Structures are given as C-alpha cells and as structure tokens.
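# Observations on the model geometry
One letter stands for each residue in the lines below.
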Amino acid sequence: MKKSVFLGALTVASFVAGAAAAATLDDVKARGELNCGVNTGLVGFAAPDANGNWAGFDVAICKAVAAAVLGDSSKVKYVPTTGQTRFTALASGEIDLLVRNSTWTFTRDTDLKLDFAGVNYYDGQGFMVRRDLGVSSAKELDGATVCIQTGTTTELNLADFFKANNMSYQPIAIDTNAEGEQQYLAGACDAYTTDASGLAATRAAFADPENHIILPEIISKEPLGPVVRHGDNEWGDIVRWTLNALVAAEEYGVTSANIEELSKGTQNPEVNRLLGTEGDLGAMIGLDKEWAKRAIAAGGNYGEIFAANIGEQTPIGLARGLNAQWTQGGLLYAPPFR
Amino acid sequence: MTDVDMPPKQTFRLSQLIYDTRYRSLTIQVVVFMLFMAGAAWLVDNTIQNLKVLGKDFNFGFLWNRAGYDIGQTLIPYTNDSTHFRAMLVGLLNTLLVSFLGCVAATVIGIFVGVLRLSSNWLVARLMTLYVEVFRNVPLLLWILVIYAIFTEVMPVPNAFRVNPATGEAAASMLFFDTVALTNRYTAIPGVLFSNPLPGILGLAGPLWSALVALAGGLFLNSRLKARATRIQEATGTRPSTWWATLLLLTLPWMAVLWAQGFHLDVPAFNRFNFQGGIKVTNALVVLWLALSLYTGAFVAEIVRAGIMAISKGQTEAAAALGLRPGRIMSLVILPQALRVIIPPLISQFLNLTKNSSLAIAVGYMDLRGTLGGITLNQTGRELEAILLMMGLYLAISLGISGVMNVYNNAVKLKER
Ligand SMILES: N[C@@H](CCC(=O)N[C@@H](CS)C(=O)NCC(=O)O)C(=O)O
C-alpha cells in the first residue's frame, strides 16, 4: 500500500504526461480492458469469490461500464485499492474508474480534481459494537477505543461526532477493512465505525453475526458513487449515463429477464430510446446503439443488482431505504433519456 | 633546424578530449554532469507539466488548514482543530520517540549479543547465533506483525478487568499490587501526581526542577563528604566508612522535596471501556519499539562481533598476562579499541532503524508517515508536497543523527599525534 502511494505520487509527477486529459474511452478501447478500482475485499460490494472472480454491488458497475464500452462485461481488470491509495491510483491513470464505497464530497470533487458520476448507494456512517458490551447508543461511547479506516471521510466524521457530543475516544487507525475486522474481533477496539452498508457487509462475514449490533445513530451523509478523473467529460458522461441506465431500467421495469423481449420494441418511447430501438443516443457518447442494453443485460437493472448482492435475501440483508426508486419513496431518480 | 628536445608546438584538436588522457576524465565528468542535469530538468519539467494537466498547483498552504482528524498518541497538545502542520509535528515527535528508544535498545542488545556470541560457552554462543540469524533473515514487517499479533491476541482485553457484579471478580487482574494492567491495547501504568506542586520554571514542572536541585545539592554534599574521608585517610591511614551517608545524601533530599509537594501515584482504574488515569503506553509503540530493536539489534551484534574480532588476540593475552579478569579485559582493553571499528557501521544501523520506523503504519502507530504521509496526504490530496516534505524531514533526521554520531566517532577514533 505504502509502495503504491509512493509510486502513485511519482507517476502523477512524471510519467503520465497528458493521460489525465487524454480520452479515457480511446485508451480503454485500445486496451480492450477496463481498469476498475475496487476495494480490497468487502463481501457484497467487491470481493473475489473462491474462483477468483470478483463480484458485488460495486463490481456490477464496473461490469456494466465494460459491457457498454467494450461489449463484454468480463473485460475488466479489478485493481484493489485502500482508502489511502484509491484517489492516487485514479489520478495517476492506473485505473479508469473507481467504484469503491467512495463518498461524494466537495473537496474530492473539486480540490482532488475528481468527478463523481452519480450515486449508487446513499449511505451514512454507523457504529458496530459487541452485543455483550451493553451499549445501545453511540452517545454512550465516551472513553471507548474506536477502529477507523484511514484516508476516509468516516475518520473526519468520527472526530466531529465525538467533539460535538463532548466525548473522548481513542482512535486506532487501520488500513483495510480486513485489518479492521481482525482488530475489532480481537478486542483491540470497542467499536468499529464506517459506512453503515460496510458495517452490515462486514458483520455478515463474521462467524457470529448475532453477537454484534449496529447502533441506531447514523452520524453523517455518505453518498457513495463511481469516480472518474476531472477533465475527461466524455468518459464521465459514459459512466454517469451507464449508472442512470441501470436506475432507469428498474423504474421502467426492464430486467435482465425481459430485456431481449423489450428490445424488439415497446409502447414506451423512453424504453425504446434506452434500449436503442429508437433514435441513437449511444452515438452522442461515442458508443453504439445498444450500449445501455448490454449494460443492463450484464447484471440486471439497479434493483436486480441490489437484490443479488446486498439485498434482504442475502446475508448482508440491507433494505432499500433511501436507495429505493423515487416512485417508491427513495432517492433514486434517473434523468430522462431523451 | 629545430631542436630535437623542443616539445612539439601545443595545438589542440577536438579528438584530444577523448583520446588524450589529460583531458579524458574531465570530458567524461562534464558529459555525465550534463546528462544528470538534463535528467533532473526533465523530471522537474515533467512534474510541472503534469501538475498543470491535472489542474493542481504546488503549494504548501494546506499545512495551515484545520486537520480535522484525531491522533491516538500525541506528545504535544493536539486536537482535531489543530493544523496539518501540528499534526505533522506530532507525527515527527512520535517518529523521533520510537527511533530514539529503538536506537538505545538496539545498541544495548547488540553489544550484549555481540559479546556473548564470542563467548566460550558453547550453548550461549549458539543461542546468540540463533537469535542473530532468525532476526536478520526475516523481513522486519513480518516481525512487526508477528509481535503485534501476539500482543493483540494473547493479552486480555481491557473489558476483562471489569469486576463482574454477580461474582465480585474480574476475568483478568492487575499486576504489582493492582497498579499495572497489561491489555491488548496498551499497558496502563501509574502516573505521578502532586497535590501542591511548586510553580514551573523555564518550562520545567515544579516537582521536576525542585527534585533536580535537591539531587544536585545531595551530590555536592556527597563530594564534600568524600573529600573529607580522603583527608582523614591521608592523615590517619584509615578511611571512615561513608557508604550509608552517601546513600542517604543521594536519596533523601529529592525524595523529601517530592514528598513535601504531595507526591502520590495516579493508579489506573477500569472505567466502562478503558482504564482511566495513569499513563497508557500503547501497544503500537511497544510493538514497534520491540520489533525495531530486536531486528536492528541483530545487525548491531554482528557489527560489535566484527569490531571485537578486529582487535588482535595479542591484546587479550597481554591484558590477561597483566592479571586482568576477562570482564575487565573486555570493558577496559577490547571494547574501547573495537569502538573505532564499530561506530561507522553503527551509524548506518541507526539511520536504518529511523527510516524503518516508517513501517509504523502496520500497527497504526501515528508517526510522520502516518500523519503527514498518511492521513494529511489523503485528506488534502497533496501527494507531491506531502511526500517531498516527508522526504525532507527524514533526510534532516538522518543527517542530524549522522552529525551527532560523527562527533562521537571523532572523539573515540585513533588520535594521531
Ligand atoms: N465512504 C467512506 C469510507 C469508504 C471505506 O473505506 N469503506 C470501507 C468499509 S465500507 C471499505 O470499503 N473497505 C474495503 C477495503 O478496505 O478494501 C469514504 O469514501 O471515505
């Protein structure tokens, strides 16, 4: 990790003349592979399975983009990044796209010269503690030792939360979720804090999930989304509209099961434009007509991806909550395809 | 007619720059220098270009912004409202602390093991060889992780010290009359408190300077006592026994001064999640310190051994012939000479240890790399500035260490008269 920060900084400094401004789309096409930055392993979001195939909610975005751009959702090289290395990896051109539980914030969008292509999960920061500690609210954590992943927004929220509530705590900085899990289970910290979705995913991987509780307080807003480099707007558009296509597909009832059927033509012109049977939206972002169809077919629409990776039927068991469609009282709202 | 002895007229041809040995080395140096400068210029230019492409500037202003994060171990006051600059200082001091402790311990271990490795006792010598080989040949990071794992997995969690109201007992108990608690996060030891301390002077706390003054007074009286004993011995031939008076003079005064200021121990006590009160020495520090000292100690041991072996055997034999005991031969004859061989490579080991301390990130010890090169770098996105600054600071620390050690080296090296 250390090495890649250094190498990353060096690369930023010396070897990528123009990479940032150059057309990422052309690079990806020429390479025939999408370099997608993901986390180092968080089951449900991005983790390799027993056969080494990456799967998860974030991975599905990488696959959808690869399907839209390259026509093959398996043409992705997954680059594990830590909280510390992820933005350097993106800025240096090591990855084309970062989908790693990354929160959209003002400074990251502006000062770090990144662009968030949207939000694929509306989240907030929570705390997890052992049940036998007898804690029922984060406000009772005065004096506790807290494990926290460094290089994250959660690190700053944590400091603010304890200060605002006039409590003290002892931070233990960790590098990856796996390390945090190990420290927490060994009792090196009383509480583990990160995005609530990450906590649920982490807890689901424990041998005894029932002995750990996630406290009710959500202390921050963490809109998580895919990130690209600032300055390459064409590439940013592709990622943004691929994500929108997945969300819109759910809204209009386009699923991986009926997509072949629907792409023969429907009564709904919006669906027709989305699937490329009417007009040629793809050409406007440098792709072909069927880009969105392939993206949706890769892993299903947003709802299918959610249900398959982190939904209530999975061990992670997250409810849609804020991440329901706007028609269902959630925040998901894809702009019109026209 | 020309004189045969007259040297040919000095003409200069360009090819002489290469073929003439008088010029060749200069030519090569000039060429290499130009290549080097061109390379450096290319790097700098490329950096400027790329920063422009990325839309970033080169600016250290971020150091004065609010840091916003908390640090576990701080030697100077620091809160998340402090600046990134202060966070950097906290990290720097943590680096210096662990490096200093590490250098001292590595030297002690190294001398001890290096000497024992040459012991004529077969078992002792072999054990020391085992230590050296095991620590020298496994990467430091692994040692850090192994020792950390032992600390976190083997020691009880602080919660184990909680007294169960039902049974009136706790799962773990404190050591040394309930004053010290070993946990998997830190070792809680008693702190010292004073109920009515004297005011501080020049930044030294009241109890500290007053105790120092009392100690100095005791030392002074003691030297008078010794002088008096010597006078009596010279006059009468028998030296009066002074050891009990010395003992009293060296202990009583400062103890009395501290006692008068209301000295008492602040014993850590378990409270909900952690121990409160006393001093908490974090395991991150202890683990890093142990791993760095044991690892570097193995190298120092080899240097010490080499230094000792460089002294000819005749010296030992001569000293033995004079009737010196083996321990004294080592400390009075061999080691002082061996130091001359030992110091220069020892400096390198100190430098290595200091730089290796940047592996602190593995145990979450917030050193320079953890604060400036870790969280600050990340939260501000100032990779280039942070890394350059960090390199500069490590360079400064290293130059400082070699400077001090070189002074020492000059003091012990062979004086040529
Ligand atoms: N959303 C926060 C935190 C992101 C974060 O680090 N999340 C953790 C837990 S949800 C993670 O993805 N860890 C995976 C890993 O360590 O690779 C941010 O963007 O700074």
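Anything mentioned here points back to the structure above.
So, here's what we can say about the structure.

Definitions and limits used
Residues numbered from 1 in each chain as written. Chains lettered and ligands numbered in written order. Predicted model: local features only at pLDDT ≥ 70, side-chain atom pairs only at ≥ 80, totals over all residues. Heavy atoms only, no water. Helix = DSSP H or I, 4+ residues; strand = E, 2+ residues; numbered from the N terminus. Buried < 20%, exposed > 50% of the residue type's maximum accessible area, 1.4 Å probe, protein only. Contact = heavy atoms within 4.5 Å. Areas by Shrake-Rupley, 256 points an atom, 1.4 Å probe, with all protein chains shown as cover. Lys, Arg positive; Asp, Glu negative; His and termini not counted. Charge placed at Lys NZ, Arg CZ, Asp CG, Glu CD. Pairing = 2+ DSSP bridges. Axes fitted to C-alpha atoms, helices over the stretch in contact; angles between N-to-C directions. Near = heavy atom within 4 Å. Polar contact = N/O pair within 3.5 Å; in protein donor to acceptor, adjacent residues only side chain to side chain. Parallel < 35°, antiparallel > 145°, perpendicular 65-115°, else oblique. Left-handed = near helix turned anticlockwise from the far one by under 90°. 1 Å grid on protein atoms, 1.4 Å probe; cavity = no way out; pocket = protein on both sides within 12 Å on 5 of 7 lines; lining within 4 Å. Points joined across faces, edges and corners; volume = space filled by probe spheres on them. Nonpolar A, V, L, I, M, F, W, Y, C, P; charged D, E, K, R; others polar. Domains from an automatic or database assignment. Buried area = accessible area lost by both parts, 1.4 Å probe. Salt bridge = Lys/Arg side-chain N within 4 Å of Asp/Glu carboxyl O. Phe/Tyr/Trp six-rings, centres within 6.5 Å; stacked < 30°, edge-to-face > 60°. Lys NZ or Arg CZ within 6 Å of the ring centre and 35° of its normal.

This next bit is on the overall build of chain A. Tallying secondary structure elements over chain A gives 14 helices and 14 strands in all. Here the C-alpha coordinates of chain A stretch approximately 60 × 50 × 40 Å along the principal axes. A burial count over chain A gives 58% of its 338 residues as buried. Long-range contacts, defined here as pairs at least 24 residues apart, represent 71% of the contacts in chain A between residues at least 6 apart. When the accessible surface of chain A is totalled, it reaches about 12,800 Å², and 53% of it is carbon and sulfur. Both charge centroids of chain A, one from 26 positive and one from 40 negative side chains, sit 3 Å from each other.

To continue, consider the sheet that holds strand S10 (residues 169-174) of chain A. Residue and element names in this part refer to chain A. Reading across the sheet, the five strands line up as S10-S9-S11-S8-S12 and stay open at both edges, with mixed pairing between neighbours. The open sheet terminates on both sides in strands that have one partner only, identified here as S10 and strand S12 (212-214). Strand after strand, the sheet turns through a mean of 30° between neighbouring axes, direction not considered. When strand S9 (residues 144-149) meets strand S11 (residues 191-195), the two strands line up parallel, connected through three bridges. Looking across to S11, one finds that cysteine 147 is bridged to tyrosine 192.

All names here are of chain A. Taken together, 20 residues form the shell around the ligand, and within it Thr40, Thr103, Thr153, Asn177 and Asp195 come nearest. Between arginine 100 and the ligand, the recorded distance is 3.2 Å, taken from a side-chain N or O atom to an oxygen atom. One of the backbone N or O atoms of threonine 153 is found 2.8 Å from an oxygen atom in the ligand. In isolation the ligand has 510 Å² of accessible area, and contact with the protein removes 100% of it.

This part is about the packing of helix H9 (residues 233-251) of chain A against helix H13 (residues 291-299) of chain A. Any two packed helices are characterised by the angle at which their axes cross and by the distance between the axes. All names here are of chain A. Look at H9 against H13: their axes get within 9 Å of each other, and the N-to-C directions meet at 65°. Considering their axes alone, H9 and H13 lie roughly perpendicular with respect to each other. When the axes of H9 and H13 are compared, the crossing they make is right-handed. Contact residues: Trp241, Thr242, Ala245, Leu246 and Ala249 in H9; Trp291, Ala292, Ala295 and Ile296 in H13.

This part takes up empty space enclosed by the protein. All names here are of chain A. Per the counting criterion, the structure on display carries five cavities of 30 Å³ or more. Here the largest cavity is characterised by a volume of approximately 210 Å³. Put simply, the parts of the chain that give the lining of the largest cavity at least two residues each are helix H6 (153-164), S11 and helix H8 (196-204). Across the lining of the largest cavity, the residue classes break down as one nonpolar, 13 polar and four charged. Viewed by domain, the lining of the largest cavity spans two of them, domain 1 (28-122 + 224-328) and domain 2 (124-222), each represented by three or more residues.

This brings us to the environment of leucine 175 of chain B. Residue and element names in this part refer to chain B. Inspection of the secondary structure puts leucine 175 in the loop between strand S2 (169-170) and strand S3 (181-182). Residue leucine 175 is classed as partly exposed on the basis of its relative accessible area of 38%. On a C-alpha basis, the gap between leucine 175 and asparagine 356 in space is 33 Å, while along the polypeptide they are 181 residues apart. Sequence-distant contacts of leucine 175, that is, excluding residues within four places in its chain, are made with Val180 and Leu182.

Quick look at the interface of chain A and chain B now. Contacts between chain A and chain B engage 50 residues on the former and 50 residues on the latter. With both sides pooled, the region where chain A packs onto chain B buries about 4,000 Å², and carbon together with sulfur makes up 52% of that total. Counting across the interface, chain A meets chain B through four salt bridges. Lysine 163 of chain A is the partner of aspartate 81 of chain B in a salt bridge, and the nearest nitrogen-oxygen pair spans 2.6 Å. Our count for the chain A to chain B interface comes out at 18 residue pairs in polar contact (both at pLDDT 80 or more). Only helix H1 (2-14), helix H4 (86-91), S9, H6, S10 and helix H7 (177-185) of chain A provide two or more residues apiece to the side of chain A that touches chain B. The dominant element in the side of chain A that touches chain B, judged by the number of residues it contributes, is H1 of chain A, at seven residues.

Residues and elements named next belong to chain A. Taken as a whole and judged by the stated rule, the model has 26 aromatic pairs over all chains. Among the aromatic side chains, those forming a connected cluster through ring pairs are Phe45, Phe57, Tyr121, Tyr302 and Phe306. When the ring centre of phenylalanine 306 is taken as reference, the NZ or CZ atom of arginine 320 above it lies at 5.1 Å.

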